[in-house]
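These are the residues of each chain, in order.
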Amino acid sequence: MENTKFDACPECDLLLNRALPEIGEKALCPRCGHLLYRPRKQSIERTFALSVAGLIVIFPANLLPLIGIKLLGNSHDGTLWSGVIGLFNEGMWAVAILVFLSSILFPLTNIILSLLISVHLYFDKPNRYLGSWMRWLQHLDEWAMLEVYTLGIIVACVKLASTADLKLGFGLYAFVTLLLITAMLASSLDTYLFWQRIAHLRRHEA
Ligand SMILES: [Zn+2]
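Residues numbered from 1 in each chain as written. Predicted model: local features only at pLDDT ≥ 70, side-chain atom pairs only at ≥ 80, totals over all residues.

Draft legend 1. Structural context of the overall build of the chain. Along its length, the chain carries 7 helices and 5 strands. Each helix and strand of the chain, ordered N terminal to C terminal, gives the series β-β-α-β-β-α-α-α-α-β-α-α. Taking all 206 residues of the chain together, the buried fraction comes to 23%. The contacts of the chain with a sequence gap of at least 6 include a subset with a gap of at least 24, amounting to 63%. (Helix = DSSP H or I, 4+ residues; strand = E, 2+ residues; numbered from the N terminus. Buried ≥ 20, exposed ≤ 12 C-beta atoms within 10 Å, placed from the backbone. Contact = placed C-beta atoms within 7 Å.)

Draft legend 2. Just the nonpolar core, in detail. Ranked by internal contacts, the top residues of the largest apolar core, which has 29 residues, are Val 57, Ala 61, Ile 117, Met 134, Phe 175, Leu 178 and Phe 194. Elements supplying a minimum of two residues to this core: α1 (43–63), α2 (80–89), α3 (93–122), α4 (130–141), α6 (170–188) and α7 (191–205). Aside from chain neighbours lying at most four places away, what touches Ala 61 is Gly 171, Ala 174, Phe 175 and Leu 178. (Core = buried A, V, L, I, M, F, W, Y, C linked by C-beta atoms within 7 Å.)

Draft legend 3. Quick peek at the packing of α1 against α6. Two elements in contact, α1 and α6, have axes whose closest approach is 9 Å; the angle formed by their N-to-C orientations is 160 degrees. Classified by the angle between their axes, α1 and α6 sit roughly antiparallel to one another. Crossing angle aside, the handedness with which α1 passes α6 is left-handed. Counted together, Ser 43, Arg 46, Thr 47, Leu 50, Ser 51, Ala 53, Gly 54, Val 57, Ile 58, Pro 60 and Ala 61 of α1 and Phe 170, Gly 171, Ala 174, Phe 175, Thr 177, Leu 178, Ile 181, Thr 182, Met 184, Leu 185 and Ser 188 of α6 form the full contact between these two elements. Considered class by class, the residues forming the contact of α1 with α6 number 13 nonpolar, 8 polar and 1 charged. (Axes fitted to C-alpha atoms, helices over the stretch in contact; angles between N-to-C directions. Parallel < 35°, antiparallel > 145°, perpendicular 65-115°, else oblique. Left-handed = near helix turned anticlockwise from the far one by under 90°. Nonpolar A, V, L, I, M, F, W, Y, C, P; charged D, E, K, R; others polar.)

Draft legend 4. Highlighting the environment of Leu 185. Mapped onto the secondary structure, Leu 185 falls in helix α6. Taking the C-beta count within 10 Å as the criterion, Leu 185 has 24 such neighbours and is therefore assigned buried. Along the sequence, Leu 185 and Arg 46 sit 139 residues apart, while their C-alpha atoms lie 8.0 Å from each other. Setting aside residues no more than four positions away along its own chain, Leu 185 makes contact with Thr 47, Leu 50, Ser 51, Gly 54, Asn 110 and Ser 114.

Draft legend 5. Fine view of unusual backbone geometry. Residues other than glycine seldom take positive phi values, yet Asp 13 does so here, at roughly 65 degrees. The backbone phi angle of Asp 124 is positive, close to 55 degrees, even though this residue is not glycine. Within the fold, Asp 124 resides in the loop between α3 and α4.

Draft legend 6. Highlighting α7. With 15 residues, α7 should reach 21 Å at 1.5 Å per residue; the first-to-last C-alpha distance of 21 Å fits that figure. Within α7 the residues assigned to the buried category are Tyr 192, Phe 194, Trp 195, Arg 197 and Ile 198. Turning to α7, the residues buried within the fold contact β2 (35–37), α3 and α4. (Expected span 1.5 Å × (residues − 1).)

Draft legend 7. Region of the structure containing the environment of Val 57. Mapped onto the elements of the fold, Val 57 is located in helix α1. C-alpha of Val 57 to C-alpha of Thr 177: the two residues are 120 residues apart in sequence and 7.4 Å apart in space. For Val 57, the residues in contact, after removing those within four places along its chain, are Ala 174, Thr 177, Leu 178 and Ile 181.

Draft legend 8. Spotlight on the packing of α2 against α3. Remark: α2 packs on α3, axes separated minimally by 7 Å, with the N-to-C direction vectors making an angle of 160 degrees. When the axes of α2 and α3 are compared, the pair comes out roughly antiparallel. The way α2 lies across α3 gives a crossing that is left-handed. From α2, Leu 80, Gly 83, Val 84, Leu 87 and Phe 88 reach across to α3, where they touch Trp 93, Val 95, Ala 96, Val 99, Phe 100, Ser 103 and Ile 104. Residues belonging to the contact of α2 with α3 are distributed by class as follows: 10 nonpolar, 2 polar and no charged.

Draft legend 9. Structural context of the environment of Glu 205. Within the fold, Glu 205 resides in helix α7. Residues Glu 205 and Lys 125 lie 80 residues apart in sequence; the distance between their C-alpha atoms is 8.9 Å.

All we've got here are geometric facts, nothing functional implied.
Here is the structure:
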């Protein structure tokens, strides 16, 4: 299992005993000062609440227009979906896939997995998929840099809005909120605690 103990400092490879700091404290590597572990306050409750909020806000973020365009008297609304389809039709399929993954699929998967895991841990319900969900969630984190790219889309929208006949739609505000929620999710989820609780549930399952 991952992340259940620290055999070696990931920064300087110093061999260490397992350190279990209290909430508010942190475990630092005595040699290089690398932050090994900092327990987060009410991690399960926060992750639960944030993923519910994320699940609510992901619908307007994906379905409501990010921007509205007025062309020759007709107004067009651009949603994330229509943007992805538009890029695809223009032959920019690589960009279309990147936008789809970073702004639709990854946030949705992230929120659903966080919700599934935190609900089970919150109500002490064992589930044989908990470990797999947790591993997928951690792999998803490796792609988190895509958020930077997503921010680029938003900046482009805002810049366009100031030059062309565009207005920012409610979907854009929902989308920014969604980004904030996913960022907060990442910082509230205590992987060490979660793995510990999963192992605990597994032991009491049998
Ligand atoms: Zn170290």
